[in-house]
Amino acid sequence: MVKVGTITASYMWESVNYKVDATWDDLMTGFKERWTPPRLDDLLRRIAAIPMPYIELWKTQTQGSTWDPGTVGAMLDKHGLTIASYCVGGVGSLEGLERDYQFASALGAPLM
């Protein structure tokens, strides 16, 4: 089955207010400084309105798998979205990979 959905990383430019000359470091700093659970909740609300029932959730939008996966799962449920995959975008360490795997597993999502 093909799962049609939205990739949450597509919304990363919001972290720098769509500044077109932003660097990758600017984007990552924007997320670290300004991305919160209420902002993710609002993003999921907007995605649900598209409507595309599946999403690929980007690890950066959970502050590197550090948020409570139960909270993230509740947001997904609230908006009627199903996670198709949890995208880590690369592995920096075995410990980080384990944390990402546990987070994805708690969401019932394959790790990508």
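None of the values given here were measured: they were computed from a predicted structure.

Draft legend 1. Spatial organisation of the overall build of the protein chain. Along the protein chain, the regular secondary structure elements total 4 helices and 3 strands. Counting helices and strands in the order they occur from the N terminus, the protein chain gives β-α-α-β-α-β-α. Rg of the C-alpha trace for the protein chain: 14 Å, near the compact-globule value of 13 Å for 112 residues, within the 12% margin. If one aligns the C-alpha atoms of the protein chain with their principal axes, the spans along those axes are about 40 × 35 × 25 Å. Counting only residues that meet the buried cut, the protein chain has 44% of its 112 residues in that class.

Draft legend 2. Representation of the layout of surface pockets within the structure. Its volume calculated, the largest pocket comes out at about 170 Å³. In the lining of the largest pocket, the residues fall into 5 nonpolar, 4 polar and 2 charged.

Draft legend 3. Seen up close, the side chain of Lys-59. Mapped onto the secondary structure, Lys-59 falls in the loop between β2 (54-58) and α3 (69-78). A polar atom in the side chain of Lys-59 sits 3.0 Å from the side chain of Asp-100.

Draft legend 4. View of the nonpolar core. Among the nonpolar cores identified, the biggest contains 28 residues, and Leu-40, Leu-57, Val-72, Leu-76, Tyr-86 and Leu-107 are the most heavily contacted of them. Contributions of two or more residues to this core are made by α1 (24-34), α2 (37-48), β2, α3, β3 (82-87) and α4 (94-107). Here this core gets 4 residues from one element, more than from any other, and that element is α2. With residues up to four places along the chain from it excluded, the contact list for Leu-40 reads Trp-35, Leu-57, Gln-61, Trp-67, Val-72 and Met-75.

Draft legend 5. Representation of α1 in the model. Within the span of α1, buried status applies to Leu-27, Met-28, Gly-30 and Phe-31. Across the axial projection of α1, the buried residues extend over an arc of 155°, all falling on one side. Of the exposed residues in α1, the ones pointing more than 90 degrees away from its buried face are Asp-25, Lys-32 and Glu-33. Buried residues along α1 sit against β2.

Draft legend 6. Main features of a nonpolar patch on the surface. Taken together, the side chains of Val-91, Leu-94, Leu-97, Tyr-101 and Leu-111 present a nonpolar region at the surface, about 470 Å² in accessible area. For Leu-97, the position within the fold is in helix α4.

Draft legend 7. Quick look at the pattern of salt bridges. Going through the model one piece at a time under the given rule, you end up with 4 salt bridges. Where Lys-59 meets Asp-100, a salt bridge forms, and the shortest distance between an N and an O atom there is 3.0 Å. Of this pair, Lys-59 sits in the loop between β2 and α3 while Asp-100 sits in helix α4, and the two are 41 residues apart along the sequence. Within the structure, one salt-bridge network assembled from shared partners comprises Asp-42, Arg-45 and Arg-46.

Draft legend 8. Focus on the pairing of β2. The element β2 is largely enclosed, with a buried count of 5 among its 5 residues. Side chains Tyr-54, Glu-56 and Trp-58 of β2 all project onto a buried face; the interleaved residues Ile-55 and Leu-57 project onto the opposite face, where all are buried too. Taken together, β2, α3 and β3 constitute a β-α-β crossover, and its handedness is right-handed.

Criteria and cut-off values
Residues numbered from 1 in each chain as written. Predicted model: local features only at pLDDT ≥ 70, side-chain atom pairs only at ≥ 80, totals over all residues. Heavy atoms only, no water. Helix = DSSP H or I, 4+ residues; strand = E, 2+ residues; numbered from the N terminus. Rg over C-alpha atoms; globule rule 2.2 N^0.38 Å. Buried < 20%, exposed > 50% of the residue type's maximum accessible area, 1.4 Å probe, protein only. 1 Å grid on protein atoms, 1.4 Å probe; cavity = no way out; pocket = protein on both sides within 12 Å on 5 of 7 lines; lining within 4 Å. Points joined across faces, edges and corners; volume = space filled by probe spheres on them. Nonpolar A, V, L, I, M, F, W, Y, C, P; charged D, E, K, R; others polar. Polar contact = N/O pair within 3.5 Å; in protein donor to acceptor, adjacent residues only side chain to side chain. Core = buried A, V, L, I, M, F, W, Y, C linked by side-chain atoms within 4.5 Å. Contact = heavy atoms within 4.5 Å. Arc of directions from axis to C-beta. Patch = residues over 30% accessible without salt bridge, like charges linked within 9 Å, V, L, I, M, F, W, Y side chains within 5 Å. Areas by Shrake-Rupley, 256 points an atom, 1.4 Å probe, with all protein chains shown as cover. Salt bridge = Lys/Arg side-chain N within 4 Å of Asp/Glu carboxyl O. Right-handed = clockwise from strand over helix to strand, strands pointing away.

This is a description of form; function is not addressed.
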